[in-house]
Amino acid sequence: MGDHETSGPLLEVEDLSCEFLTEAGPARAVDEVSFTVARGETVGLVGESGCGKSATALALMGLLPHRAGRVAGGAIRFDGEEMLRLSEKRRRDLRGNRLAMVFQEPMTALNPVMVAGEQVAEVLRRHRDMSRKAAWEKTVSLFEDVGIPAPAQRVRDYPHQLSGGMRQRVVIAMAIACEPALLIADEPTTALDVTIQAQILELLRSLQLRTGLSILLITHDLGVVAQLCDRVLVMYAGQIVETAPVGALFEAPRHPYTVGLLRSMPRPGSGDRTRLPEIPGNVPPITARPTGCHFADRCDRTKARCQDHPPLLDALGPDHHARCHFPVTSPQD
Amino acid sequence: MSTKPQNAKTQNAETPPLLKAESITVEYPVGAGLFGHGGSLRAVVDVDLTLAAGECHGLVGESGCGKSSLGRALLRLTDVTAGRIEFEGRDITHLSTRPLRPIRRRMQMIFQDPQASLNPRFTVAQAVAEPLIIHRLAPNRAARSRRVLELLKDVGLDEDLAGRFPHELSGGQRQRVGVARALAVDPSFIVADEPVSALDVSVQAQLLNLLEDLRSNRNLAFLFISHDLRVVRHLCDRVSVMYLGRIVERADTATLFEAPQHPYTQALLRALPSLEPGAPATDRLTGEVPSPLDPPRGCPFHPRCPVTERPETCFDTPPGLTTCGKNHQVACYAHPQYPS
Ligand SMILES: Nc1ncnc2c1ncn2[C@@H]1O[C@H](COP(=O)(O)OP(=O)(O)OP(=O)(O)O)[C@@H](O)[C@H]1O
Ligand SMILES: Nc1ncnc2c1ncn2[C@@H]1O[C@H](COP(=O)(O)OP(=O)(O)OP(=O)(O)O)[C@@H](O)[C@H]1O
Ligand code: SF4
Ligand SMILES: [Mg+2]
Ligand SMILES: [Mg+2]
């Protein structure tokens, strides 16, 4: 314990599956997901709402809801440790410390009856053996780092007295307080205006340079993905359907879902106020996932084979994989 | 001292506007002892807003600048400290709960934080049915369930989710439950507070298309609050840019995006992350982000303002909105059209 491996990826996820208990029995929200995050790397995780991004993140943190959710299989190796075999105590020690998370809805991560600064200071005292005074001073400077105006006053505010974006920044301050090795950030900048967003992204980059931080970034903001990520994972209905270096993903997406996703983006000049291109239909709920390709019902390339044979995540180029029987070859294709 | 903005002239003079808000100010009491000169925090300062039926007005600005507060105030969900709100020709500024009730049905809010705005004990179906029950909008149970399923379908939620509780949904699914609730009562005006922020772009596209249909088919008007400038540009007719409680620029959408006049608007548009991987980082704003707890004297933007040649008044008195083009207003002393 304590000595960290320095070679090999920081995080290795292998065939991770998660289930939720629903009215219809256990249902798979995350279906044999595999990926790695190297040291200092930023990996983006994007995909349809409800596809299992947050569930994946919660499983990595060991924070799936008790009883309602569970890891149904697979392995998670973090810094050489088998996470799924660790004691709850050891996982608690890692959480908020070497492994930190920014939650999608900041209100759920904040205690409504405790002032915001105290919640950050508590993390510092728990993991960093700091005195009350030192932890409080560090908290004020963290508030400043994440761009909260009047930090010395704001640390004393209760969460409901802060605007949505300020709460978000408090949660970010809490996550980076102990300089984690891996930061899992679930929509960390959606509540922020773009000038503050730029400031947060800059802060993450500088932390990365200084501490070698790795980031798993869950976001639907493709602009943020383009600017911050080295590699991207695209998820659909519980599975990873495409993974590629960020440039290749934007220039030559291979999976029909990724192509549809990139196309739905409002762009200036695409004829304002006209209809945006949609992917027809909805994502299947976890209780009714198809047996073949999960995207088959909505795909414009689908053939009989797609309905019966689940496609595998095939290598299609350098570090580029897609789960499709008939991958797209060119943008016009 | 401040130049009063003229009302937006997006409709012809004869048709009365759907919503007319004048000089809205919202203050919150802040705990004593928190601050030497304590008392109150001014979240919204002297804001005017006029909306025509079927109009979509975008509201963008710094996090914490008062967008949600303004939206809530217009719907009388937060008390206004000063100002006047007229809705469908009627002054509603001081209406009490009872006469307000029928009007509530006509104006709805899609809340920013779906987790906090949904009752954790209601299933999805119950949450969407609730407004129908309160406003007696379905003759019987069967009609109500039909309507609920229809609304779920409209916002792209599968029937299978009807029996789930909010904590059993993903973030984007929860957000759409909030949208379905707002649409349930067939309102004429919706304050949509970050309604698509938790949605990936493909679901977002479906929802934006739905809003656009409602606007063109049912003449629904929106105050659309968003940090996503691409979405605002796509959907809105006019846009107001807010900074520290005040409107600093207002224009037709195309004008605002193509010829922004206020230095904050210009910075905002520059900071939009490019969709090209590896695009060079743009220059960013520096300087202290001001706090409404202790607003700077003078122009609210002056501590971060990049304009080099600035008149003394910037540091002294907040500028009012002044007309700088067709349907275009800006609040900046350094602007050539600002009256001296
Ligand atoms: N407690 C639960 N019980 C049953 N199903 C659940 C539960 N929590 C989540 N789910 C379901 O699991 C699936 C994955 O949810 P998850 O929150 O991981 O989605 P997501 O990809 O993060 O979506 P979003 O982008 O909307 O946040 C969803 O379809 C959701 O409805
Ligand atoms: N109930 C309240 N009590 C005290 N202060 C409040 C309250 N609600 C909001 N505020 C303060 O009022 C200001 C404006 O908040 P508001 O939520 O309107 O901002 P916003 O523009 O919607 O921000 P965001 O984009 O982050 O959601 C903030 O400084 C906030 O801290
Ligand atoms: S496998 Fe078939 S249905 Fe699935 S994405 Fe590829 S072409 Fe479409
Ligand atoms: Mg999520
Ligand atoms: Mg808000």
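Residues numbered from 1 in each chain as written. Chains lettered and ligands numbered in written order. Predicted model: local features only at pLDDT ≥ 70, side-chain atom pairs only at ≥ 80, totals over all residues. Heavy atoms only, no water.

Caption draft 1: The arrangement of the overall build of chain A in detail. In terms of regular secondary structure, chain A is built from 12 helices and 12 strands. For 333 residues, the compact-globule formula gives about 20 Å, and the C-alpha radius of gyration of chain A, at 21 Å, lands near that figure. Counting only C-alpha atoms, chain A reaches 65 × 50 × 45 Å along its principal axes. Looking at chain A as a whole, 58% of its 333 residues qualify as buried. Long-range contacts, defined here as pairs at least 24 residues apart, represent 63% of the contacts in chain A between residues at least 6 apart. When the accessible surface of chain A is split by element, carbon and sulfur atoms take 51% of a total near 13,500 Å². Averaging the locations of the 37 positively and 41 negatively charged side chains of chain A gives two centres separated by 3 Å. (Helix = DSSP H or I, 4+ residues; strand = E, 2+ residues; numbered from the N terminus. Rg over C-alpha atoms; globule rule 2.2 N^0.38 Å. Buried < 20%, exposed > 50% of the residue type's maximum accessible area, 1.4 Å probe, protein only. Contact = heavy atoms within 4.5 Å. Areas by Shrake-Rupley, 256 points an atom, 1.4 Å probe, with all protein chains shown as cover. Lys, Arg positive; Asp, Glu negative; His and termini not counted. Charge placed at Lys NZ, Arg CZ, Asp CG, Glu CD.)

Caption draft 2: The arrangement of the coordination of the magnesium ion (ligand 5) in detail. Around the magnesium ion (ligand 5), the protein contributes the donor atoms Ser68 of chain B (OG) and Gln112 of chain B (OE1), at 2.0 to 2.2 Å from the metal centre. Here Ser68 of chain B is found in helix α1 (residues 67-74), whereas its partner Gln112 of chain B is found in the loop between β6 (107-110) and α3 (114-117), with 44 residues between them in sequence. (Donors = N, O, S within 2.8 Å, 3.2 Å for Na, K, Ca; no water.)

Caption draft 3: The arrangement of the side chain of His320 of chain A in detail. All names here are of chain A. As for its position among the elements, His320 is in strand β12 (residues 320-323). A distance of 2.6 Å separates polar atoms of two side chains, one belonging to His320 and the other to Glu242. Once you skip the residues sitting within four places of it in the chain, His320 turns out to touch Glu242, Thr243, Ala244, Ala248, Ala252, Arg254, Asp314 and Ala315. (Polar contact = N/O pair within 3.5 Å; in protein donor to acceptor, adjacent residues only side chain to side chain.)

Caption draft 4: The interface of chain A and chain B, seen in detail. Listed by partner, the interface residues are 64 residues for chain A and 68 residues for chain B. Between chain A and chain B the total buried area reaches about 5,300 Å² when both faces are included, carbon and sulfur atoms providing 55% of it. The partner of Asp213 of chain B in a salt bridge is Arg275 of chain A, and the shortest N-O contact between them spans 2.7 Å. Between chain A and chain B we count 19 residue pairs in polar contact (both at pLDDT 80 or more) in total. For the side of chain A that touches chain B, the secondary structure elements donating two or more residues are α3 (106-109), α6 (151-154), α7 (164-176), α8 (194-211), α9 (222-228), α10 (246-251) and α11 (256-263) of chain A. Of the residues forming the side of chain A that touches chain B, the biggest block, seven residues, is contributed by α8 of chain A. (Buried area = accessible area lost by both parts, 1.4 Å probe. Salt bridge = Lys/Arg side-chain N within 4 Å of Asp/Glu carboxyl O.)

Caption draft 5: Just the pairing of strand β1 (residues 19-30) of chain B, in detail. Residue and element names in this part refer to chain B. Pairing analysis gives five bridges linking β1 to strand β4 (residues 82-87), with the strands arranged antiparallel. Bridging across to β4, Ala21 finds its partner in Ile85. Pairing of β1 with strand β2 (residues 39-51), which is carried by nine bridges, proceeds in the antiparallel orientation. By the bridge assignment, Ala21 is partnered in β2 with Leu49. (Pairing = 2+ DSSP bridges.)

Caption draft 6: Region of interest: the nonpolar core. Core analysis: the biggest nonpolar cluster contains 68 residues, and Val146, Val170, Leu183, Leu222 and Tyr257 of chain A have the highest contact counts within it. Among the elements that line this core, the one with the most residues is α7 of chain A, at eight residues. The next biggest cluster of nonpolar side chains, apart from the first, holds 60 residues, and it includes Ala127, Val148, Leu183 and Leu235 of chain B. (Core = buried A, V, L, I, M, F, W, Y, C linked by side-chain atoms within 4.5 Å.)

Caption draft 7: Fine view of the site of ligand 3. Around ligand 3, the structure places 13 residues, and the nearest of them are Cys293, Cys299, Cys306, Cys324 and His325 of chain A. Residue composition of the shell around ligand 3, grouped by class: nine nonpolar, three polar and one charged. (Near = heavy atom within 4 Å. Nonpolar A, V, L, I, M, F, W, Y, C, P; charged D, E, K, R; others polar.)

Caption draft 8: Broad picture of the pattern of salt bridges. Per the counting criterion, the structure on display carries 33 salt bridges over all chains. Two residues, Lys133 of chain A and Glu137 of chain A, come together in a salt bridge whose shortest N-O distance is 3.2 Å. Within this pair, Lys133 of chain A and its partner Glu137 of chain A are both found in helix α5 (residues 132-145), separated by four residues, close to a single helical turn. Relative accessible area serves as the criterion here: at 47%, Glu137 of chain A is assigned to the partly exposed category. Put simply, Arg215 of chain B and Asp237 of chain B hold a salt bridge, and the shortest N to O gap is 2.8 Å. Of the two residues, Arg215 of chain B sits in helix α7 (residues 201-218) while Asp237 of chain B sits in the loop between α8 (229-235) and β9 (238-243), which places them 22 residues apart along the sequence. A relative accessible area of 5% places Arg215 of chain B in the buried class. For Asp237 of chain B, a relative accessible area of 23% translates into the label partly exposed. Each of Glu12, Glu14, Arg77 and Glu82 of chain A takes part in a single network of salt bridges with overlapping partners.

Caption draft 9: Here's a closer look at a negative patch on the surface. A grouping of Glu23 of chain A together with Glu159, Asp160 and Glu168 of chain B is seen on the molecular surface, where their side chains present a negatively charged patch. As for its placement among the helices and strands, Glu23 of chain A is situated in the loop between β1 (11-22) and β2 (25-37). The exposure class of Glu23 of chain A is exposed, given its relative accessible area of 73%. (Patch = residues over 30% accessible without salt bridge, like charges linked within 9 Å, V, L, I, M, F, W, Y side chains within 5 Å.)

Caption draft 10: Quick look at empty space enclosed by the protein. As enumerated under the stated definition, the model contains eight cavities of 30 Å³ or more in all. If you add up the space inside the largest cavity, you get close to 260 Å³. Residue lining of the largest cavity: 26 residues in total, with Thr190, His220 and Asp221 of chain A together with His227 and Asp228 of chain B positioned closest to the centre. Where the lining of the largest cavity is concerned, the elements lending two or more residues are α8 of chain A together with α7 and α8 of chain B. Looking at the lining of the largest cavity, the element that brings in the most residues is α8 of chain B, giving three residues. A per-class count over the lining of the largest cavity returns 12 nonpolar, nine polar and five charged. (1 Å grid on protein atoms, 1.4 Å probe; cavity = no way out; pocket = protein on both sides within 12 Å on 5 of 7 lines; lining within 4 Å. Points joined across faces, edges and corners; volume = space filled by probe spheres on them.)

Caption draft 11: Fine view of the site of ligand 2. In the vicinity of ligand 2 there are 22 residues, among which Gln161 and Gly165 of chain A together with Gly64, Ser68 and Ser69 of chain B approach most closely. Ligand 2 is flanked by residues contributed from chains A and B. Here an oxygen atom of ligand 2 sits 2.7 Å away from a polar atom, N or O, in the main chain of Gly64 of chain B. Here Gln112 of chain B contributes a side-chain N or O atom positioned 2.9 Å from an oxygen atom of ligand 2. Coverage of ligand 2 by the protein amounts to 91% of the 630 Å² it exposes when considered alone.

Caption draft 12: Expanded view of the sheet that holds strand β5 (residues 90-91) of chain B. Residues and elements named next belong to chain B. Spatial ordering of the open sheet is given by β2-β1-β4-β5, a layout of four strands whose pairing is antiparallel. Among the strands making up the open sheet, the edge pair consists of β2 and β5. The strands that α1 touches are β1, β2 and β4; relative to β1, the one it contacts most, it runs at about 120°. (Axes fitted to C-alpha atoms, helices over the stretch in contact; angles between N-to-C directions.)

Caption draft 13: Up close: α7 of chain B. Residue and element names in this part refer to chain B. Look at α7: 25 Å from first C-alpha to last across 18 residues, which is about the 26 Å you get at 1.5 Å a residue. For α7, the tally of buried residues reaches 14 of 18 residues, placing the bulk of the element in the interior. Asn219, located one to two residues past α7, shows a positive phi value of around 60°. (Expected span 1.5 Å × (residues − 1).)

Caption draft 14: Expanded view of helix α6 (residues 171-184) of chain B. Residues and elements named next belong to chain B. For α6, built from 14 residues, the straight-helix expectation of 20 Å at 1.5 Å per residue is met to within 8% by its first-to-last C-alpha distance of 20 Å. Here α6 lies mainly inside the structure; 13 of its 14 residues are buried. The first or second residue beyond α6 is Asp186, which carries a positive phi of 60°.

Caption draft 15: How the structure looks around the sheet that holds strand β12 (residues 328-330) of chain B. All names here are of chain B. Taking strand neighbours across the sheet as the criterion, the eight strands line up as β6-β7-β8-β3-β9-β10-β12-β11 in an open arrangement whose pairing is mixed. Either end of the sheet is taken by a strand with one partner, and the two such strands are β6 and β11 (322-325). For this sheet, the mean angle separating the axes of adjacent strands, direction not counted, is 20°. As defined by bridge partners, β11 adjoins β12 across three bridges and the pair is classed as antiparallel. Bridged to Thr322 within β12 is Val330.

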